[in-house]
Amino acid sequence: MFTLLNSNGESISVANISVNGNVLSGSLTDPLENGVYTVDWSVIGGDGHLIEDSFQVHS
């Protein structure tokens, strides 16, 4: 699972979230405006433990 947040901390809708191997992906209904975005993600690892992190992207 992941969430996409704009620079104001507002959630942006992400559709079709899926996992393929070690790639977690989703799609947007509208293009992003220029700015800084934060992706918060989490998955359940093979051993059953929660793995989570976040990173910022600039568009």
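Chemist: Break down the overall build of the protein for me, citing the residues and quoting the values.
Modeler: In terms of regular secondary structure, the protein is built from zero helices and six strands. Mapped in sequence order, the helices and strands of the protein form the string β-β-β-β-β-β. Projected onto its principal axes, the C-alpha positions of the protein cover 40 × 20 × 15 Å. When burial is assessed residue by residue, the protein has 15% of its 59 residues classed as buried. Pairs at least 24 residues apart make up 31% of the contacts formed inside the protein by residues separated by at least 6 positions.

Chemist: Let's hear about the confidence of the model for the protein: which residues, and what values?
Modeler: Residues of the protein with pLDDT of at least 70 account for 100%, and the chain-wide mean is 93. Strand S2 (residues 11-12) holds the highest mean pLDDT among the elements of the protein, 96, whereas strand S3 (residues 15-20) holds the lowest, 91.

Chemist: Give me the pairing of S3: which residues, what numbers.
Modeler: Within S3, only zero of the six residues are buried, which leaves the element largely exposed. The hairpin formed by S3 and strand S4 (residues 23-27) contains two residues between the paired strands, and Gly21 there has a positive phi angle of roughly 65°.

Chemist: I'd like a rundown of the sheet that holds strand S1 (residues 2-5), residues and numbers included.
Modeler: Judged by pairing direction, the sheet is antiparallel, and its four strands sit side by side in the order S2-S1-S5-S6 without closing on themselves. With one partner strand each, in any of the chains shown, S2 and strand S6 (50-58) form the two edges of the open sheet. Relative to S6, strand S5 (residues 36-44) runs antiparallel, the two sharing nine bridges. Residue pairing for S6: Ser42 is matched across the bridge by Glu52.

Chemist: So what's going on with the pairing of S4? Which residues, and what values?
Modeler: Here S3 pairs with S4 via four bridges, running antiparallel. Within the sheet, the bridge partner assigned to Ser18 lies in S4 and is Ser25.

What counts, and where the lines are drawn
- Residues numbered from 1 in each chain as written.
- Predicted model: local features only at pLDDT ≥ 70, side-chain atom pairs only at ≥ 80, totals over all residues.
- Heavy atoms only, no water.
- Helix = DSSP H or I, 4+ residues; strand = E, 2+ residues; numbered from the N terminus.
- Buried < 20%, exposed > 50% of the residue type's maximum accessible area, 1.4 Å probe, protein only.
- Contact = heavy atoms within 4.5 Å.
- pLDDT = per-residue confidence, 0-100.
- Pairing = 2+ DSSP bridges.

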